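Descriptive analysis of the structure
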Amino acid sequence: MRDISNGVKMQDMIENELLSLVDIDGFSEKYSKDISADKFFGFPLKHIISCEKKLKSSQIPSLAYLSMEYGLGSSIYNVFTPSESLNPVNKISENEVFSNYRLADYLFTLKINEIMDLPIYSGGLGVLAGDTIKTVADMHISSVAVGMLWSMGYFRQRFWFKYGQLPEKMQWDPYSYPGLIPLKNIIKITLNDDEIYLKLWKYYVFSHKKDFVVPLVLLDSNIPQNKESFRQLTGQLYRSDDIYIKILQRVILGMGGIIALKELGCNINIFHLNEGHAAFAFIEKLRAQDYKGVEELKKHFVYTCHTPVKAGHDRFLITDLEKFFNKKDMSLLKEYGVEEKDMVNLTFLAMNLASRKNAVSARHGEVMRVQFADYKDEIKSITNGVHLYTWMSKPVFSLLDKYRNNIGDFHNDVSLLSNVSALKRNDDFRQGIWQAHQENKAKLCGMLDKWELKENVFTLCWARRIAAYKRPILLLMDAERLVNIAKKIGPIQVIFAGKAHPNDNLGFTHVNELMDRVDALSKECDFLKVVMLENYDIYLARILTSSVDVWLNNPLPPFEASGTSGMKAIMNAVLQLSTLDGWVVEAKDAQIGKIFGSQGKLDSINREEDLRLEEDSSLLYDALEEMAKLYYLTNNKDKVDFSSYWIDMMVNCISESARFSTHRMIKEYQKDMWGIG
Ligand SMILES: *Cc1c(COP(=O)(O)O)cnc(C)c1O
């Protein structure tokens, strides 16, 4: 194909073709070094052209996915290679650690020195959105994703000695972030007395084989066309208490998203609302067709609900909405979105206007059918999953590759991982899985070597968003008991990580309380080492979910709609210690660890409930003690008993992860929700 003498011409041709499809702002000044005839920041460029063409074609049915946040793990997966060295503001260089080994905290920081993830997510919802579009790319489904360019990210968590967390503004530079490109396109949203202008950006999400892309279109209000207050609308994710800002952010995602897709010439069959945040998309679509054809429009919308927690749903006073929406918009909002007489609830709007809707686990489906009894026959359950190529660690991948004859081509069909169960009695495989795990654990211990983490010490981790119902404090409720277990059975290492939403006082209190309890353990660090890591993100999540011995998940049932971090862990043969909630309900008989704690009642979901910290922590210690015992029977003074039931459970974890991949999840979305692909 590539003829040297024609190189320049070819470059021109491809450039012209690309630029006719994607109007890059500042191409020749800024991006021509990274975007050449065949390469886009080191990745093959031709797939961008063919996928862009598919999106514009009226022959091929395409999907648009709308989400407030995306966690792409751009630091660990399909990392773009720019021609120039990284702009330091787009890097994470170091984090602090707070532990009960105080000297190390004082003397050292955790050196990271990696590109930061594209800072447009806060937690599990965003990671799911990221895993979803990567998988859609792997499966070659013509799609485009729409999100927001958060110019100040979510926030950077700073530990404030032992007093809690300080939320710092995140500094980053979109113009030099590898793979992120600004477009010349500017769109306009028209409201009663206001106009919002949005600049469009693109970030191409490649399939793992790098043979297909899903463009992620990001909306940015930080441009001079907007009045000053509007420039901040796409500033910080979920950070505003101001009701008008909240409304306008949802207007940007929903209405701006629809306008952007039209501006870019995308021909969309199905609009997928990931959460109710984007529900104003209906308004824009109906405006464009003079408020006619609601029934027909419904067929093109699908909606995924991600939380049974009432506070997680957006509710706005009609009088507040009237400030921005015209009479016809308002009559739609009143007809389809009213919860009580003066309130519009975006969840109701999405439930009423999307023809297909789903919960994110079987358990969550049951909860939703109680919460939305009118729709109980229509609510489907599609359990979340995780993206194999993002979350399975290299050592585990290599091990499974060696057994591909037994397992089958799990690269292309993740469900084949269930065949791993047939290797349970294979001694070499059992040794291999232990070694792969120890290799991962060595990486963790290496990262934390100044804290003297040891590879042969029983290690567990609690890491996720810090929210009350997730009960971060449960493991440290009775620290004395934990110390006693460590003294009796063998030393224990615990890792905590997670950001608390800065506007959530309770969340702040939890961080503070955790630190207090860790601080009180400073004399015990020979037996029980507790380490809190700052600024939890996908980079750390990938290390933690693959390297500890036990993944702790203790939400108060039934408040966890699905949860996904445990799925990442089982994909890496990491055992679960979990309450019975979310996805775990579906895996409860798979022998992938221990389940403990009280079971939630479906009808308790709408009531204020106490967190049952006393009862459940006591049950947690019982379960933990048994797990520690079995661990030290298995890994006994550096001698490993490869016949141990512990290793049976590690094998079960991988074979069970066959059911919790995004590849399985997307197939269900294709069949039950989208009808395309
Ligand atoms: C997977 C992930 C989560 C979700 O964790 P849950 O235990 O499912 O709540 C949150 N944050 C990050 C960075 C993740 O990678």
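Shown above is the structure to which this text applies.
Residues numbered from 1 in each chain as written. Predicted model: local features only at pLDDT ≥ 70, side-chain atom pairs only at ≥ 80, totals over all residues. Heavy atoms only, no water.

Description of a negative patch on the surface
- On the surface, Asp-478, Glu-480, Asp-610, Glu-614 and Glu-615 cluster together into a patch of negative charge.
- Take Glu-614: it is sitting in helix 22 (residues 613-634).
- Relative accessible area serves as the criterion here: at 58%, Glu-614 is assigned to the exposed category. (Patch = residues over 30% accessible without salt bridge, like charges linked within 9 Å, V, L, I, M, F, W, Y side chains within 5 Å. Areas by Shrake-Rupley, 256 points an atom, 1.4 Å probe, with all protein chains shown as cover. Salt bridge = Lys/Arg side-chain N within 4 Å of Asp/Glu carboxyl O. Lys, Arg positive; Asp, Glu negative; His and termini not counted. Charge placed at Lys NZ, Arg CZ, Asp CG, Glu CD. Helix = DSSP H or I, 4+ residues; strand = E, 2+ residues; numbered from the N terminus. Buried < 20%, exposed > 50% of the residue type's maximum accessible area, 1.4 Å probe, protein only.)

Digging into the site of the ligand
- In the neighbourhood of the ligand, 14 residues make up the surrounding shell, with Arg-464, Lys-470, Thr-564, Ser-565 and Lys-568 lying closest.
- With respect to the ligand, the backbone of Thr-564 contributes an N or O atom lying 2.6 Å from an oxygen atom.
- The separation between an oxygen atom of the ligand and a polar side-chain atom of Lys-568 is 2.6 Å.
- Starting from 390 Å² of accessible surface for the ligand in isolation, the protein chains cover 96%. (Near = heavy atom within 4 Å. Polar contact = N/O pair within 3.5 Å; in protein donor to acceptor, adjacent residues only side chain to side chain.)

Some details on helix 8 (residues 281-288)
- Every buried residue of helix 8 is accounted for by Ala-281, Phe-282, Ile-283, Glu-284 and Leu-286.
- Residues of helix 8 that are buried in the fold lie against helix 7 (243-263), strand 13 (268-274), helix 9 (294-298), strand 14 (301-304), helix 11 (327-337) and helix 12 (346-353).
- Once helix 8 finishes, Asp-290 follows within two positions and takes phi at roughly 55 degrees, a positive value. (Contact = heavy atoms within 4.5 Å.)

A closer look at the pairing of strand 8 (residues 156-159)
- Examined bridge by bridge, strand 8 and strand 9 (residues 165-168) share four bridges and lie antiparallel to one another. Bridge assignment links Arg-156 to a residue of strand 9, and that residue is Glu-168.
- Hairpin geometry of strand 8 and strand 9 is characterised by an intervening segment of five residues between the two adjacent antiparallel strands and by a positive phi of about 45 degrees at Phe-161. (Pairing = 2+ DSSP bridges.)

Observations concerning the side chain of Asn-90
- Topologically, Asn-90 is positioned in the loop between strand 3 (62-66) and strand 4 (91-95).
- In this structure the side chain of Asn-90 is engaged in a polar contact, spanning 2.9 Å, whose partner is the backbone nitrogen of Asp-173.
- Reaching out from Asn-90, the side chain makes a polar contact with the side chain of Ser-176 at a distance of 3.3 Å.
- Not counting residues up to four positions away in its chain, the partners in contact with Asn-90 are Glu-114, Ile-115, Met-116, Trp-172, Asp-173, Ser-176 and Tyr-177.

Details of the nonpolar core
- Formed by 242 residues in total, the largest nonpolar core has its most connected members in Phe-280, Phe-325, Phe-458, Leu-533 and Trp-674.
- By residue number, the principal contributor to this core is helix 7, which donates 10 residues.
- Among all residues touching Trp-674, those that are not within four sequence positions of it are Leu-63, Val-136, Ile-141, Ile-270, His-272, Val-302, Arg-356, Ile-666 and Tyr-669. (Core = buried A, V, L, I, M, F, W, Y, C linked by side-chain atoms within 4.5 Å.)

A word on helix 24 (residues 662-674)
- Over its 13 residues, helix 24 extends only 15 Å from the first C-alpha to the last, a length that falls short of the 18 Å expected when each residue adds 1.5 Å.
- Restricting attention to buried positions, one finds in helix 24 the residues Thr-662, His-663, Arg-664, Met-665, Ile-666, Tyr-669, Gln-670, Met-673 and Trp-674.
- Measuring from the backbone nitrogen of His-663 back to the side-chain oxygen at the start of helix 24 gives 3.3 Å, which picks out Ser-661 as the cap. (Expected span 1.5 Å × (residues − 1).)

Let's talk about the side chain of Gln-165
- As for its position among the elements, Gln-165 is in strand 9.
- A relative accessible area of 2% means that Gln-165 is categorised as buried.
- At a separation of 2.8 Å, a polar atom in the side chain of Gln-165 contacts the side chain of Gln-157.
- Polar contacts involving the side chain of Gln-165 include one to the main-chain carbonyl oxygen of Ala-500, which spans 2.7 Å.
- Not counting the four nearest positions on each side in its chain, Gln-165 is found in contact with Phe-155, Gln-157, Arg-158, Lys-499, Ala-500, Pro-502, Phe-508 and Val-511.

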